[in-house]
Amino acid sequence: MLSEKLLMKLNEQITHEFFSAHYYLAMAAYFKKEDLDGFANFFIVQAEEERFHAMKFFEFINDQGEEAIISGFQNPKRDFESAEEIFSLALEHEKLVSSLINDLMELAQEDKHYPSISFLQWFIDEQVEEEASMSKLLNQLRRVGEKGHGILMLDRELGARTFSPEAE
Ligand code: FEO
């Protein structure tokens, strides 16, 4: 059985994941405005991934015989100033999410709640990928700069990203 504290933290993670979706959608809106549709697509797909993550927590809580709690959150930041700012904020955000997932895992281990440990392992692995992908794009962006041909090449590449839950 889930302890009260672990259940509360799992529920909070639903909110964090839905907030992440909103945050990335706000980033997509900036890129849309800048006519960088490929970058916008990258963040729209990222937002879909985050909703998928939220629903994994939702289903897990239900599978444990508990009721998932859906809470609200603050408005995400907008008025971004550059693509580089966005990718560094996205990387910072993913690092925060990784620390939340690590805290959840520590709690599950303290509770010796093996279903949670097994469930959370997927997220531990996922966060390695999430941080790596944001970090790689931030570095590529720094290399090509905000203007010129390079950013358009990157935009075309990111336009091809699609969401496939099986790959997540
Ligand atoms: Fe759900 Fe990007 O971590």
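Here is a short report on the structure shown in this document. (Residues numbered from 1 in each chain as written. Predicted model: local features only at pLDDT ≥ 70, side-chain atom pairs only at ≥ 80, totals over all residues. Heavy atoms only, no water.)

## Some thoughts on helix α5 (residues 149-158)
Definition in use: For each residue, the accessible area found with a 1.4 Å probe, counting protein chains only, is set against the maximum for its type, and the residue is called buried under 20%, exposed over 50%, and partly exposed in between. In this text, helices come from DSSP runs of H or I with a minimum length of four residues, and strands from runs of E with a minimum of two, each type numbered from the N-terminal end. The arc in question is traced by the directions running from the helix axis to the C-beta atoms. By definition in these notes, contact holds between two residues if any of their heavy atoms fall within 4.5 Å.
Within the sequence span of α5, burial applies to I151, L154, D155 and L158. One face of α5 carries all of its buried residues, which in axial projection span an arc of 105 degrees. α5 presents H149, R156 and E157 as exposed residues on the side facing more than 90 degrees away from its buried surface. Those residues of α5 that are buried lie in contact with α2 (37-63) and α4 (114-144).

## Quick look at the packing of α2 against α4
Our working rule: Lines are fitted to the C-alpha atoms to define the axes, a helix being fitted only along its stretch in contact, and any angle between axes, read from their N-to-C directions, falls within 0 to 180 degrees. Angles below 35 degrees are treated as roughly parallel, those above 145 as roughly antiparallel, those between 65 and 115 as roughly perpendicular, and all remaining angles as oblique. Just so you know the grouping, Ala, Val, Leu, Ile, Met, Phe, Trp, Tyr, Cys and Pro go in nonpolar, Asp, Glu, Lys and Arg go in charged, and all remaining residues, Gly too, go in polar.
Here α2 crosses α4 at 170 degrees, and the two axes come no closer than 12 Å. By the angle class used here, α2 and α4 are roughly antiparallel. Within the contact between the two elements, α2 uses F39, F42, F43, Q46, E49, E50, F52, H53, K56, F57 and F60 and α4 uses P115, S116, F119, L120, W122, F123, E126, E130, S133, M134, L137 and L141. Residue classes in the contact of α2 with α4 are distributed as 14 nonpolar, 4 polar and 5 charged.

## Some words on the pattern of salt bridges
Rules: When a carboxyl oxygen of Asp or Glu lies within 4 Å of a side-chain nitrogen of Lys or Arg, that pair is called a salt bridge.
One pass over the full model with this rule turns up 5 salt bridges. Two residues, E49 and R161, come together in a salt bridge whose shortest N-O distance is 2.8 Å. Separated by 112 residues along the polypeptide, E49 in helix α2 and R161 in the segment after α5 bring together distant segments of the chain. For E49, a relative accessible area of 4% puts it in the buried group. Taking the shortest distance from any N to any O, the salt bridge between R78 and D79 comes out at 4.0 Å. With respect to class, R78 is no different from D79; both count as exposed.

## What to know about the packing of aromatic side chains
The condition that has to hold: Each pair of aromatic rings taken from Phe, Tyr and Trp, with Trp reduced to its six-membered ring, is defined by centres within 6.5 Å and is described as stacked if the planes are under 30 degrees apart, edge-to-face if over 60, and tilted in the remaining cases.
This structure, assessed with the given rule, holds 20 aromatic pairs. Relative to F87, the ring of F42 has its centre 6.0 Å away and its plane inclined at 45 degrees; by these criteria the two rings are tilted. Separated by 45 residues along the polypeptide, F42 in helix α2 and F87 in helix α3 (residues 83-110) bring together distant segments of the chain. The pair formed by F42 and F87 is uniform in burial state, with each residue classed as buried. Judged by centre distance (5.2 Å) and plane angle (50 degrees), the ring pair of F43 and F87 falls under tilted.

Purely geometric numbers; function is a separate question.
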